[in-house]
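# Geometric and topological summary
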Amino acid sequence: MMNRPEHPIQTKDSALLRAGTFTSNRGLQIEEGLIFETGRPEVTGVDLDEPAPFQSRLGGLEREAPIGLPGLSEPETVRHYVRLSQKNYSIDTGLFPLGSCTMKHNPRLNEAMARLPGFADIHPLQPQSTVQGALELIGELGRWLMEMTGTAAVAMSPKAGAHGEACGMMAIKAAIAAKGEGATRRIVLVPESAHGTNPASASLIGFEVRPIPAKADGAVDFEQLTARLGPEVAAIMLTNPNTCGLFERQVVEIAEAVHAAGAFLYCDGANFNAIVGKTRPGDLGVDAMHINLHKTFSTPHGGGGPGAGPVVLSERLAPFAPVPFLRADGEELRLVEHTSEAPQSFGRIAAFHGQMGMFVRALSYMASHGAGGLRQASEDAVLNANYIRASLSDLMSQPFGDQPCMHEVLFDDAWLKTTGVMTLDFAKAMIDEGYHPMTIYFPLVAHGAMLIEPTESESKASLDLFIATLRDLALAALGGDAERFIGAPFDAPRRRLDETRAARNPILKWTPPAPR
Amino acid sequence: MRYLPLTPDDRIDMLARIGAPDVESLFASIPENKRLAQNLDLPKRKTEIEVQRLLSKMAAKNVVAGSAPFFVGAGAYRHHIPASVDHLIQRSEFMTSYTPYQPEIAQGTLQAIFEFQTQVAALTAMDVANASMYDGSTATIEAVLMAHRITKRHKAVLSGGLHPHYAEVVRTISRMTGDDVASLPPDVLARENLADLIDADASCVVVQNPDVFGNLRDVSGLSAMCRAKGALLIVVFTEAVSLGLVKSPGEMGADIAVGEGQSFGNSLNFGGPYVGLFAARSKYLRQMPGRLCGETIDADGRRGFVLTLATREQHIKREKATSNICTNSGLCCLAFSIHLTLLGEAGLKRLARINHANAVDLANRLSCVSGVEVLNNTFFNEFTIRVRGDADDVIERLAAQGVLGGVPASRLSPGQGLDDLIIIASSELNTDEDRATLASALQGVL
């Protein structure tokens, strides 16, 4: 989630800042220029032989002007990217408590499996007879996802969570159109606490979005919701467990009311990690839900992607699933790739057949856990979050009172009120302590929100140190040591960055310095 | 379970701190009659050895591209990936980090994105590029929606040379939004006339170069025509290596350039994950979808990078955002960028020349096979042939002989009378022997 710079950036040197070095490096923290500053156009790190002379078939469309790309030799390239990598915090570095992001351990077995040539080096348009193992894997992963969610079908092609949301909502739109209600049912209800992708996805495909408020306990206001249901409502998009870390207790009543009103229940599955093996969304009345394989099933986040967002669908929505999908053709598996073979399908949302590389990793993760391990992982994730809650609730305030949470715990900034320290400052001070901050300022329903999701990957010793650290910071803030927070971080590769300056005068690429 | 560090004793101690009698009580907010009393109907946990066995068995059922003379393209291309690329993207700090929302401890990812944006802008000869989209097809529909926002018009004109999957994505989303699409029929010989379709409702014209049949298209004239009619020109590419040798979208007057970046640094992966490239003229910057990384300074005045102009994005603007995209193709864009850094301008141009030379050689060889006609006048590393008989059948028979010979055009566009066409790609990975094998195998099956 984004930072809100609530204090002006302080440019005055702090006493804590060390004296400069000749190189500007500080031990292992090494300054690294841009490839455009260190590279040369004639240098290459890939040896290739020039082809023998031949008759070009470009028809006069040769690119003649210089492109402007620098080249680096292999040692320079390796050093450049290793140095850059050392400026990043990662799960492999330490606890990464970003709420709603499920930063769990990424098993290396999954990486090895995804790199088997039989998966990594096959083309999406090879004859289907030559990729039966790949189709088998997609079918098997789909079977696991349907069993875990208690649903009838799964669309495998969405490329990330938001893409899955749009996919699920398109299936809903197609189902509504098939009932002849396309012109009237145009409204989608979205709780205020939802991820921004929910309203954006609904709006992207032509729905009108209306917010519904939360109650004092952080749950969707059921009365308000039912009051807004009617013949113009197409669907509600519910996140469950919600972004406050709470399970929507009335989900079954919500589903019944939504269905009785002729609408559909979409569920944002971003927080599925709390409930795998504990309850099944299909049993709760969910019609469509995307599953972030890069959250719940541990495919690496990779600094922002790639992800994968398969969407499970109820029986009512199954006929409208997008192409491609699998069909058993005797002994052979076959991809149905065109709507001409699936007249009710709403269409295609991306080229080819989905994020195969992520599918392999996710199935490797699931098979490693098995049914028992998946349930245990959810239980440990919820246990860890509650352990943090119980260990901090005497110091830090919770917007909806102290109650058991699911896999993440939400604090607000009421407890910081008189300290002069803001949520942002508290988060930045965590960086100096060697932690990635939690999600801050989201969800919007909590003032100065701090959303902590430890995941099941943390040991008790790791949690104990994290808790002790946050307690020390909290006591410092409450004890008047604002200095420790206001200018933080002091020890990161960079101190606070001027985001206002970046937005006011956008510099989005390197440009050569003007000649003197 | 090897990934779960808590011991049974830890769990008991932690429950005591929480004041909960058991773990189940933490799930009390789930209606009791909806809670699962027993495990899911799924297999029990597997050791690493067992998982390796299970997945290796599935992998072994596939014919690996590298094991056969391989000529399959049509939107995804098999290229050499230097060994250091995969090593570097597997650095923990790249692979297991999140979206760089805390820039002080994410400068590695942010600087890499800034370099990626600069490389993409240079490669396409456009002013600005974003931090990536999911793939080329989703980048294309985002470009169409962006053109609608800019022009306040609602019709997209799609060339018959556009990859049929890309066209289908545009048509699907447009049906949902109620926007119009004018799609031209498959244009095998690049002879279509798009000019007549650019009317007062047209927000954009979408043209692919090289097109799905491999033809090169000079869209400079079309650019002028679009400008005169108030529509934007969107140039799509699926083979990014072509940009090392073929005139770029920017040089031919594109307003938005989008494409697939898989060719650099990313394996075929049976279709994903890939990396969508998105670049535009700077005057359209604020209508762009996706993340942007910008340069700034820190509190000590040192150069640093941040995500910027986020007021376009879903987490700020919600239903008014320019796109719903959040997770993009982070690690794939890093692989792209590392590969391109290794190549550099000199290496890229040479790589592109080798691709073109190999394709020319293959086209020459296939022209000599009776029952085969090479249809293209121009091409980069891919072209279309007409064969005597059914292309699907020919490809299956080649596969039976261990040759992956190309893509039947009818697989992409069924029922359009393209049943005797095969799209064939050739890259630096094909040897003389591979090309000779394809020619003689084709001779054999025709």
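Cut-off values and rules
Residues numbered from 1 in each chain as written. Chains lettered and ligands numbered in written order. Predicted model: local features only at pLDDT ≥ 70, side-chain atom pairs only at ≥ 80, totals over all residues. Helix = DSSP H or I, 4+ residues; strand = E, 2+ residues; numbered from the N terminus. Buried ≥ 20, exposed ≤ 12 C-beta atoms within 10 Å, placed from the backbone. Contact = placed C-beta atoms within 7 Å. Rg over C-alpha atoms; globule rule 2.2 N^0.38 Å. pLDDT = per-residue confidence, 0-100. Pairing = 2+ DSSP bridges. Axes fitted to C-alpha atoms, helices over the stretch in contact; angles between N-to-C directions. Domains from an automatic or database assignment. Nonpolar A, V, L, I, M, F, W, Y, C, P; charged D, E, K, R; others polar. Core = buried A, V, L, I, M, F, W, Y, C linked by C-beta atoms within 7 Å. Expected span 1.5 Å × (residues − 1). Parallel < 35°, antiparallel > 145°, perpendicular 65-115°, else oblique. Left-handed = near helix turned anticlockwise from the far one by under 90°. Right-handed = clockwise from strand over helix to strand, strands pointing away.

### Looking at the overall build of chain B
- Helix and strand counts for chain B come out as 13 helices and 13 strands.
- Each of the three principal axes of chain B carries a C-alpha extent, and together these read 80 × 55 × 50 Å.
- Within chain B, the fraction of its 446 residues that count as buried is 63%.
- Considering only residue pairs separated by 6 or more positions, chain B has 72% of its internal contacts joining residues 24 or more positions apart.

### Here's the deal with the overall build of chain A
- When its secondary structure is counted, chain A shows 15 helices and twelve strands.
- In summary, chain A has a C-alpha radius of gyration of 26 Å against a globular reference of 24 Å for 516 residues, a match within 12%.
- The principal-axis extents of the C-alpha atoms in chain A amount to approximately 75 × 70 × 45 Å.
- Burial status across chain A gives 59% buried among its 516 residues.

### As for the confidence of the model for chain A
- When pLDDT is averaged across chain A, the result is 95; 96% of the residues are at 70 or more.
- Confidence drops under pLDDT 50 across residues 11-18 of chain A; counting only partners more than four residues distant or on other chains, this segment forms eight contacts.

### Concerning the sheet that holds strand β12 (residues 407-408) of chain B
Residues and elements named next belong to chain B.
- Here four strands make up an open sheet; going across it, the order is β10-β11-β13-β12 and the pairing antiparallel. Of all the strands in the sheet, the pair left with one neighbour each is β10 (372-374) and β12.
- The sheet contact formed by β12 and strand β13 (residues 421-425) spans two bridges and is antiparallel. Within the sheet, the bridge partner assigned to proline 408 lies in β13 and is isoleucine 422.
- Packed onto the sheet, helix α11 (residues 391-400) meets β11 (382-387), β12 and β13 and runs at close to 45 degrees relative to β13.

### Some words on the sheet that holds strand β7 (residues 311-313) of chain A
Residue and element names in this part refer to chain A.
- With respect to topology, seven strands assemble into an open sheet ordered β1-β7-β6-β5-β4-β2-β3, the strand pairing being mixed. Each edge of the open sheet is held by one strand with a lone partner, namely β1 (153-155) and β3 (208-212). The average angle at which neighbouring strand axes cross in this sheet is 25 degrees, direction not considered.
- Bridge analysis of strand β2 (residues 187-191) against strand β4 (residues 233-239) gives three bridges, and the strand direction is parallel. Bridge pairing in β4 links isoleucine 187 to valine 233.
- The strands touched by helix α7 (residues 197-204) are β2, β3, β4 and β5 (264-268); relative to β2, the strand with the most contacts, the crossing angle is about 175 degrees.

### Thoughts on the domain arrangement of chain A
Residues and elements named next belong to chain A.
- In terms of domain boundaries, chain A breaks down into domain 1 (110-365) and domain 2 (371-502).
- Relative to domain 2, the C-alpha centre of domain 1 lies at a distance of 30 Å.
- Between domain 1 and domain 2, the contact holds 19 residues from the first and 20 residues from the second.
- A class-by-class count of the residues in the side of domain 1 that touches domain 2 yields nine nonpolar, seven polar and three charged.

### Some thoughts on the nonpolar core
- A:Ala171, B:Val205 and B:Ile234 are the most contacted members of the largest nonpolar core, which has 315 residues in total.
- For B:Val205, the residues in contact, after removing those within four places along its chain, are B:Val157, B:Leu194, B:Ile198, B:Leu222, B:Cys226, B:Ala231, B:Leu233 and B:Ile234.

### Brief notes about the interface of chain B and chain A
- On the side of chain A, 185 residues touch chain B, which itself brings 171 residues to the contact.
- Considering each element in turn, the side of chain B that touches chain A owes the most residues, 22 residues, to helix α10 (residues 330-367) of chain B.
- Residues belonging to the side of chain B that touches chain A are distributed by class as follows: 82 nonpolar, 53 polar and 36 charged.

### Some points on the domain arrangement of chain B
All names here are of chain B.
- Segmentation of chain B into domains returns domain 1 (65-81 + 345-445) and domain 2 (83-339).
- Looking at the side of domain 1 that touches domain 2, the elements that each hand over two or more residues are α10, β11 and β13.
- Take the side of domain 1 that touches domain 2: its biggest share by element is seven residues, from α10.
- Its residues placed into classes, the side of domain 1 that touches domain 2 shows 16 nonpolar, ten polar and four charged.

### Overview of the environment of A:Asp287
Residue and element names in this part refer to chain A.
- Turning to its location among the elements, aspartate 287 is positioned in the loop between α10 (281-284) and β6 (288-290).
- Under the C-beta neighbour-count criterion, aspartate 287 is labelled buried, with 26 such atoms within 10 Å.
- The spacing of aspartate 287 and aspartate 121 is 166 residues in sequence and 36 Å in space, taken between C-alpha atoms.
- Excluding anything up to four places from it in sequence, aspartate 287 contacts Ile172, Phe264, Leu265, Tyr266, Ser314, Arg316 and Leu317.

### Looking at helix α5 (residues 107-124) of chain B
All names here are of chain B.
- Taking 1.5 Å of rise per residue, the 18 residues of α5 would be expected to cover 26 Å, and the 25 Å separating its terminal C-alpha atoms lies within 8% of that figure.
- Burial analysis of α5 places 18 of its 18 residues in the buried class, which makes it a mostly covered element.
- Where α5 ends, the next residue or the one after it, alanine 125, has phi of about 55 degrees, a positive value.

### Side note on the pairing of strand β7 (residues 276-280) of chain B
Residues and elements named next belong to chain B.
- Counting buried residues in β7 gives five out of five residues, a clear majority hidden from the surface.
- Where burial is concerned, the two faces of β7 agree: the one with Gly276, Phe278 and Ala280 and the one with Leu277 and Ala279 are both buried.
- As paired strands, strand β1 (residues 128-129) and β7 are joined by two bridges and run antiparallel to one another. Residue pairing for β7: alanine 129 is matched across the bridge by alanine 279.
- As paired elements, strand β6 (residues 256-260) and β7 share five bridges and run antiparallel to each other.

### Topic: the confidence of the model for chain B
- For chain B, mean pLDDT is 97; residues scoring 70 or higher make up 100% of the total.
- Predicted complex metrics record ipTM = 0.98 and pTM = 0.97.

### Overview of the packing of helix α5 (residues 132-149) of chain A against helix α2 (residues 48-60) of chain B
- Viewed as axis vectors pointing N to C, α5(A) and α2(B) meet at an angle of 135 degrees, and their least axial separation amounts to 6 Å. Between α5(A) and α2(B), the interaxial angle falls into the category oblique. Only B:Met58, B:Ala59 and B:Ala60 of α2(B) make contact with α5(A), whose side of the interface consists of A:Gly133, A:Glu136 and A:Leu137.
- Looking at side-chain class alone, the contact of α5(A) with α2(B) contains four nonpolar, one polar and one charged residues.

### Let's talk about unusual backbone geometry
- The omega torsion across A:Asn240 and A:Pro241 is -5 degrees, close enough to zero to call that bond cis.
- Mapping A:Pro241 onto the fold places it in the loop between β4 and α9 (251-260).
- Residue B:Asn209 is joined to B:Pro210 through a cis peptide bond whose omega torsion reads -10 degrees.
- In this structure, A:Ser100 is a non-glycine residue whose phi angle is positive, near 80 degrees.
- Summarising the element assignment, A:Ser100 is placed in the loop between α2 (74-85) and α3 (108-114).
- Judged by the 23 C-beta atoms lying within 10 Å of it, A:Ser100 is buried.
- Phi at A:Thr455 takes a positive value of approximately 65 degrees, unusual for a residue other than glycine.
- Inspection of the secondary structure assignment puts A:Thr455 in the loop between β12 (450-452) and α13 (460-478).
- Overall, the presence of 25 C-beta atoms within 10 Å leaves A:Thr455 in the buried class.

### Section: the packing of helix α11 (residues 356-392) of chain A against α13(A)
Residues and elements named next belong to chain A.
- One way to put it is that α11 packs onto α13 with a least axis distance of 10 Å and a crossing angle of 30 degrees. In terms of orientation, α11 lies roughly parallel with respect to α13. The handedness of the crossing between α11 and α13 is right-handed. Where α11 abuts α13, its residues Asn384, Tyr387, Ile388, Ser391 and Leu392 lie against Leu463, Ile467, Leu470 and Arg471.
- Along the lines of polarity and charge, the residues of the contact of α11 with α13 split into six nonpolar, two polar and one charged.

### Let's talk about helix α12 (residues 423-432) of chain A
- Counting buried positions over the ten residues of α12(A) gives nine, a clear majority of the element.
- Listed in full, the buried residues belonging to α12(A) are A:Thr423, A:Leu424, A:Asp425, A:Phe426, A:Ala427, A:Lys428, A:Ala429, A:Met430 and A:Ile431.

### Focus on the pairing of strand β3 (residues 180-183) of chain B
All names here are of chain B.
- Two elements, strand β2 (residues 155-158) and β3, share four bridges in a ladder whose sense is parallel. Paired with alanine 156 across the strands is valine 181, a residue of β3.
- Read from β2 through helix α7 (residues 164-177) to β3, the crossover connection turns out right-handed.

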